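Secondary and tertiary structure notes
The residues making up each chain are set out below.
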Amino acid sequence: MSADLSQLVKAYDVRGVVPDQWDEPLAELFGAAFIQVTGADAIVIGHDMRPSSPGLSRAFARGAAAYGVDVTEIGLCSTDQLYYASGAFDLPGAMFTASHNPAQYNGIKMCRAGAAPVGQDTGLTEIRELVESWLDSGTPEPQAVTPGTITRRDTLEDYAAHLRSLVDLTSIRPLKVVVDAGNGMGGHTVPTVLAGLPLTVVPMYFELDGTFPNHEANPLDPANIVDLQKRVREENADLGIAFDGDADRCFVVDEQGDPVSPSVITALVASRELARNGGSGTVIHNLITSWSVPEVVREQGGTPVRTRVGHSFIKAEMARTGAIFGGEHSAHYYFKDFWNADTGMLAALHVLAALGGQNGTLSALVAQYDRYVGSGEINSTVDDQTGRLTAIRTAYEARNGIELDDLDGLTVKSTDWWFNVRPSNTEPLLRLNAEARDEKTMRKVRDEVLNIIRD
């Protein structure tokens, strides 16, 4: 029976349960395959706080070094800290993390030199096929006369300095900020990045613990920010920030503990990045971010470009267009000055700078960017994704004033509302996002579409 790693190797990364789906010997094969596919002669590797991460990352390093490649291990780090190292050293990189997945999971996010993504269409398929072939027929003997070296290097201070060189926080007013690291890598990076700033930081769950004893490290799930919301109100803080497990995404709540939509943060940061670039530049947003985002970008003199959902599409458009910034509904934020890679920490610094640069509250500051009512993403299990999408198209295509497009799933747009329904690539799900100018219209559109999906 041939080896099949399709359940382990996803569209953008490797991710699965340890040791059931993968282990250190398999990580070693991935290290060797990464070298074969990228042709690298040196790489950088980092890992998160999961119990299995040090062993898996060291096995990957051994697999790479056996082929004569020099490996720099930066040890415990956030995913964007690994991207920093890949960009600053101009080396391909591998980050061992399963982000917000439960403790028994682990994974690898890989990139080429300069933090360029390695995904399904940019090398990950070849890596998977190579490892599968080796599992079937044995790994070939390395051709290297001498193995490469494995050395350690700490990049935390340099990473923090680079981020702070991109946002001026020197003249902000004192702020009180509650930070929920979710026992993830934010607990490692936040103290260094925010050190010396006029901030009173109230830490929550900064202890690195890959078993996530307090809550899942996924701030997009409302259940996981309840503690943060409560603490912001108790502390009378100016805002709260939550990071996911590998700290590449950040989620913001205002001084009342109310969540600030990632679309609103995208619009806020876009306006700041456009101002920083003389009022011009391209900003990327995926097709389920709020209408607010392209509106604000145009108002500030920029050019919005709409993409499919998924970081590989955002990063490809960032590179193609020379965009200065990109944002997603999932709280991933991409910066040209950060090698087009995503960094939640840099977005958080922008929020702190914007709030600290004026005297009002965060809720008042973001109100100008919060113009519509969204449904959030609603998942429905369906037997026939194509059939349901066809039923939705049939229901709307003959109506007056309706526009349809197929960039990613099906988007239906009117003058006062829009919705998108797209199929999951990995599960029998349809994902609905709807938005309108008011709550009543949004609910009407949302319920009408859900009735068709679930009929």
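Residues numbered from 1 in each chain as written. Predicted model: local features only at pLDDT ≥ 70, side-chain atom pairs only at ≥ 80, totals over all residues. Heavy atoms only, no water.

**Here we look at the sheet that holds strand β14 (residues 303–307)**
The following threshold applies: Pairing between strands requires that DSSP locate at least two bridges from one strand to the other. Only DSSP runs of H or I with at least four residues qualify as helices, and only runs of E with at least two residues qualify as strands; both kinds are numbered from the N terminus onward. For helices, the fitted axis covers only the stretch in contact; all axes are lines through C-alpha atoms, and the angles between them, taken along N-to-C directions, range from 0 to 180 degrees. What makes two residues a contact is simply this: any of their non-hydrogen atoms within 4.5 Å.
Taken in spatial order, the four strands of this open sheet run β14-β13-β15-β16, and their pairing is mixed. What marks the edges here is a single partner per strand, and that holds for β14 and β16 (333–335). Each neighbouring strand pair of the sheet contributes to a mean axis angle of 20°, computed without reference to strand direction. Where strand β13 (residues 282–286) and strand β15 (residues 325–327) come together, three bridges link them in parallel fashion. Residue pairing in the sheet places I284 in a bridge with G326 of β15. Along the sheet face, helix α9 (residues 292–299) touches β13 and β14 and points at about 155° away from the line of β14.

**Describing the nonpolar core**
The test is simple: Nonpolar cores are built from buried Ala, Val, Leu, Ile, Met, Phe, Trp, Tyr and Cys residues. Side-chain atoms within 4.5 Å join them into one set. The cut-offs for exposure are 20% and 50% of the maximum accessible area for each residue type, with area from a 1.4 Å probe on protein chains only; residues under the lower value are buried, those over the upper are exposed, and the others partly exposed.
Ranked by size, the top nonpolar core spans 73 residues in total, and within it L239, F243, L349, L352 and L362 carry the most contacts. Among residues more than four places away in sequence, those in contact with L349 are L163, R164, V167, L169, V193 and L194. Counting 35 residues, the second-largest nonpolar core is a separate cluster that includes A27, A40, L56 and A59.

**Observations regarding the pairing of strand β8 (residues 175–180)**
For β8, the tally of buried residues reaches five of six residues, placing the bulk of the element in the interior. Where β8 lies against strand β9 (residues 199–204), six bridges are found, and the strand directions are parallel. Looking at the pairing, V177 lines up with V201 of β9. Alignment of β8 against strand β10 (residues 239–243), held across four bridges, turns out to be parallel.

**Overview of the environment of G196**
Looking at the element boundaries, G196 is found in the loop between α6 (186–193) and β9. Expressed as a C-alpha distance, the spacing of G196 and T170, which sit 26 residues apart in the sequence, is 9.6 Å.

**Things to note about the packing of aromatic side chains**
This is how the line gets drawn: Whether two aromatic rings pair depends on their centres lying within 6.5 Å, for rings of Phe, Tyr and Trp, where Trp uses its six-membered ring; planes under 30 degrees apart make the pair stacked, over 60 edge-to-face, and the rest tilted. Only when the NZ of Lys or the CZ of Arg is both within 6 Å of the ring centre and within 35 degrees of the ring normal is a charge said to sit over the ring.
Tallying each qualifying case throughout the model produces 13 aromatic pairs. Arranged with centres 5.0 Å apart and planes meeting at 65°, the rings of Y396 and F419 form a pair that is edge-to-face. Here Y396, found in helix α13 (residues 385–396), pairs with F419, found in strand β21 (residues 417–423); they are 23 residues apart in sequence, far enough to count as distant. Both residues of the pair, Y396 and F419, belong to the buried class. Taken together, the ring pairs connect W22, F30, F34, F60 and F96 into an aromatic cluster. Taking the ring centre of Y396 as reference, the NZ or CZ of R399 above it sits at 4.2 Å.

**Remarks on α13**
For clarity, the threshold we go by: To estimate how far a helix should extend, the number of its residues minus one is multiplied by 1.5 Å.
Across its twelve residues, α13 extends 17 Å between first and last C-alpha, which sits within 8% of the 16 Å expected from 1.5 Å per residue. In this fold, the buried residues of α13 make contact with β20 (410–413), β21, β22 (429–436) and α14 (439–453).

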